[in-house]
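Residues per chain are reported as follows:
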Amino acid sequence: MQRLSYPSFRSVLAENEIVRVAGANHALGGLLAEEAGFQAVWSSSLEVSASRGLPDASILSMTEYLEAAANIQKALRIPVVADCDTGYGGKLNIAHMVHEFEAAGITAICVEDKLFPKMNSFVAGAQTLLGEQEFAARIAVAKQAQSTGEMYVIARTEALISGLTVDVALERCRIYADSGADAVLVHSKAKSREQIASFLQGWDFRVPVVIVPTTYPDWHIDEIKQAGVSVVIYANQGLRATVRALRDTYRSVYENGDSMAVEDSIASVQDVFRLQSLETWQKLDV
Ligand code: SPV
Ligand code: MG
């Protein structure tokens with residue numbers, strides 16, 4: 001039995017007008033996203049840190065995020081896009097990060113223009129940005145560090161998250177694209193799509209645009225495509241579903257004293273075996 005093979009994120013993007021990406025923090029989540037039809041999986045820093053019971057605040061190390069992303073990738077036939085936060089330090093850290101993620105078979109990474117240590121974009125309070133020239137230099141270093149043409153580097157601006165204008169976000173993204181970014185991610189915590197729509201109207205599409213519609217969830221994929229977006233990351237819906245499902249299930253089993261009330265709403269053990277590719281593994285042991 002051979003290890004699974006998967007296409008690079010770059011080739012998936014070349015073959016699809018729009019790529020839908022689901023957040024996950026472990027291989028099983030990634031497998032379920034793949035099963036649902038997603039074309040890639042986002043190894044989310046929010047999800048990975050939450051899975052450890054920790055805030056998404058640059059507490060875990062690069063190695064820990066790498067291990068999470070690599071473990072997801074190993075189980076999938078679709079590529080992982082690794083959320084690499086701010087790049088875990090300065091230019092040298094970014095170069096090392098690219099070497100390590102590439103060596104682990106990750107074909108797409110995303111870095112954001114906040115200061116290290118960063119705080120999750122939805123946490124109340126000020127978010128401080130790195131100067132745009134310094135971040136652009138880090139993007140250039142990331143591109144120099146990759147050893148094949150496959151690695152796809154997404155430059156994410158947190159300009160809108162930190163309260164700056166759409167014009168500032170556009171200017172930052174132009175600079176990042178001109179420094180070699182393969183795509184730009186413009187993040188927003190606005191409750192409606194208008195801010196991102198206005199960004200898209202001003203963007204010249206010198207590189208593709210990635211969005212994360214967490215706080216503006218009513219934007220249908222067909223409309224998002226129409227607006228010119230190439231990659232949509234549903235970053236944390238899986239995590240939030242897990243929290244509710246586990247909470248409700250554990251409570252029910254504990255409070256009822258048996259698991260009858262949940263039996264019809266939880267997966268069967270056979271379903272779990274299937275996700276583990278048990279049959280394939282058993283064939284090795286005849
Ligand atoms: C993540 O999923 O970790 C992200 C998206 O970076 S957000 O949580 O919105 O910052
Ligand atoms: Mg993140």
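An account of the accompanying structure is given in this report. Each chain has its residues counted from 1, following the order in which its sequence is written. As they are written, the chains are lettered A onward and the ligands numbered 1 onward, keeping that order. Residues qualify for local features only when their pLDDT is at least 70, as the model is predicted, and side-chain atom pairs are given and counted only at 80 or more; totals for whole chains, interfaces and linings, by contrast, use all residues. The basis for every side-chain value is the complete set of heavy atoms in the structure, and neither hydrogens nor water enter the calculation.

## Quick notes on the site of ligand 1
- Near is defined per residue: the residue qualifies when any heavy atom it owns lies within 4 Å of the molecule or strand. In the vicinity of ligand 1, the residues found are Trp 42, Ser 44, Ser 45, Leu 46, Asp 56, Asp 83, Asn 120, Ser 121, Phe 122, Arg 156, His 187 and Ala 235.
- Distance and chemistry together define a polar contact, namely a pair of N or O atoms within 3.5 Å, with one atom able to donate a hydrogen and the other to accept it when in protein, and with adjacent residues in sequence counting only for side-chain atoms on both sides. Interatomic distance of 2.9 Å between a side-chain N/O atom of Asn 120 and an oxygen atom of ligand 1.
- In the model, an oxygen atom of ligand 1 is placed 2.7 Å from a nitrogen or oxygen of the Arg 156 side chain.
- The protein chains hide 100% of the 280 Å² of surface that ligand 1 would expose on its own. Calculation of accessible area relied on Shrake-Rupley with a 1.4 Å probe; when residues are assessed, cover is drawn exclusively from the protein chains displayed.

## Here we look at unusual backbone geometry
- The amide bond that connects Phe 116 to the next residue, Pro 117, takes the cis arrangement and shows omega of -5°.
- You will see that Ser 58, though not glycine, has its phi angle at about 55°, which is positive.
- Elements are defined by DSSP. Helices are runs of H or I of four residues or more, strands are runs of E of two residues or more, and each kind is numbered from the N terminus. Looking at where Ser 58 falls in the secondary structure, it is placed in the loop between helix H3 (45-51) and helix H4 (62-74).
- With a phi close to 65°, Tyr 88 is a non-glycine residue in the positive phi region.

## Description of the nonpolar core
- Among buried residues, the Ala, Val, Leu, Ile, Met, Phe, Trp, Tyr and Cys ones that are joined through side-chain atoms within 4.5 Å form a nonpolar core. To sort residues, take the accessible area from a 1.4 Å probe on protein chains only and compare it with the maximum for the residue type: under 20% means buried, over 50% means exposed, and anything in between is partly exposed. Among the nonpolar cores identified, the biggest contains 41 residues, and Cys 84, Met 97, Phe 101 and Ile 109 are the most heavily contacted of them.
- The contacts of Phe 101, once residues within four sequence positions are left out, are Met 62, Tyr 65, Leu 66, Ala 69, Ala 82, Cys 84, Tyr 88, Ile 106, Ile 109 and Met 151.
- Within the second largest apolar cluster, 24 residues are counted, among which are Ile 18, Ile 196, Tyr 216 and Ile 221. Residues count as neighbours in contact if any of their non-hydrogen atoms are within 4.5 Å of one another.

## Remarks on the pairing of strand S3 (residues 80-83)
- Side-chain alternation along S3 places Val 80 and Ala 82 on one buried face and Val 81 and Asp 83 on a second face that is also buried.
- Here the rule is simple: two strands pair whenever DSSP picks up at least two bridges between them. Bridging between strand S2 (residues 40-43) and S3 involves three bridges; their strand directions are parallel. By the bridge assignment, Ser 43 is partnered in S3 with Ala 82.
- Of the strand pairs in this sheet, S3 and strand S4 (residues 108-112) are connected by three bridges, and their pairing is parallel. By the bridge assignment, Asp 83 is partnered in S4 with Cys 110.

## What about the coordination of the magnesium ion (ligand 2)?
- Atoms of type N, O and S within 2.8 Å of a metal are treated as its donors, and for Na, K and Ca the window is 3.2 Å; water is not considered, so some sites may appear to be missing partners. Within the first shell, the magnesium ion (ligand 2) binds the protein through Ser 45 (OG) and Asp 83 (OD), at distances of 2.0 to 2.1 Å. Taken together, the positions of Ser 45 in helix H3 and Asp 83 in strand S3 put the pair 38 residues apart, joining distant regions of the chain.
- Classification of Ser 45 by relative accessible area gives buried; the value is 2%.
- In this structure Asp 83 comes out as buried when scored by relative accessible area, which is 4%.

## Examining a nonpolar patch on the surface
- Only residues above 30% relative accessible area that lack a salt bridge enter a patch, with like-charged residues linked at up to 9 Å and the nonpolar side chains Val, Leu, Ile, Met, Phe, Trp and Tyr linked at up to 5 Å. For salt bridges, the criterion is a side-chain nitrogen of Lys or Arg within 4 Å of an Asp or Glu carboxyl oxygen. A cluster of nonpolar side chains, contributed by Met 1, Trp 281 and Leu 284, occupies part of the molecular surface with about 370 Å² of accessible area.
- Along the polypeptide, Trp 281 turns up in helix H13 (residues 278-282).

## Focus: the sheet that holds strand S7 (residues 209-211)
- Taken together, the eight strands give a closed barrel; going around it, the order is S1-S2-S3-S4-S5-S6-S7-S8, and neighbouring strands pair in parallel fashion. Strand-to-strand twist across the sheet, computed as the mean angle between neighbouring axes with direction ignored, equals 25°.
- Note that strand S1 (residues 19-24) and S2 share four bridges and pair parallel. From the neighbouring strand, Ala 24 faces S2, where its bridge partner is Ser 43. Fitted lines through C-alpha atoms serve as axes, helices being fitted only where they are in contact, and the angles separating the N-to-C directions of these axes extend from 0 to 180 degrees.

## Here we look at helix H6 (residues 132-145)
- Compared with the 20 Å implied by 1.5 Å per residue over 14 residues, the 20 Å span of H6 between its first and last C-alpha is a close match.
- Every buried residue of H6 is listed here: Phe 135, Ala 136, Arg 138, Ile 139, Val 141, Ala 142, Lys 143 and Ala 145.
- Against the buried residues of H6 lie helix H1 (9-15), helix H5 (91-103), S4, strand S5 (152-157) and helix H7 (166-178). How far a helix is expected to stretch is found by multiplying one less than its residue total by 1.5 Å.

## Digging into the packing of aromatic side chains
- Each aromatic pair joins two rings of Phe, Tyr and Trp (for Trp, the six-membered one) with centres within 6.5 Å, and gets the label stacked for planes under 30 degrees apart, edge-to-face for over 60, and tilted for any other angle. Following the criterion strictly, the structure yields six aromatic pairs and no others.
- Centre to centre, the rings of Phe 9 and Tyr 152 are 5.3 Å apart; their planes meet at 65°, and the pair counts as edge-to-face. Within this pair, whereas Phe 9 is found in helix H1, its partner Tyr 152 is found in strand S5, the two being separated by 143 residues in sequence.
- For the ring pair Tyr 65 and Tyr 88, a centre distance of 6.0 Å and an interplane angle of 25° mean the geometry is stacked.

Remember that the coordinates give geometry; whether it matters functionally is a separate question.
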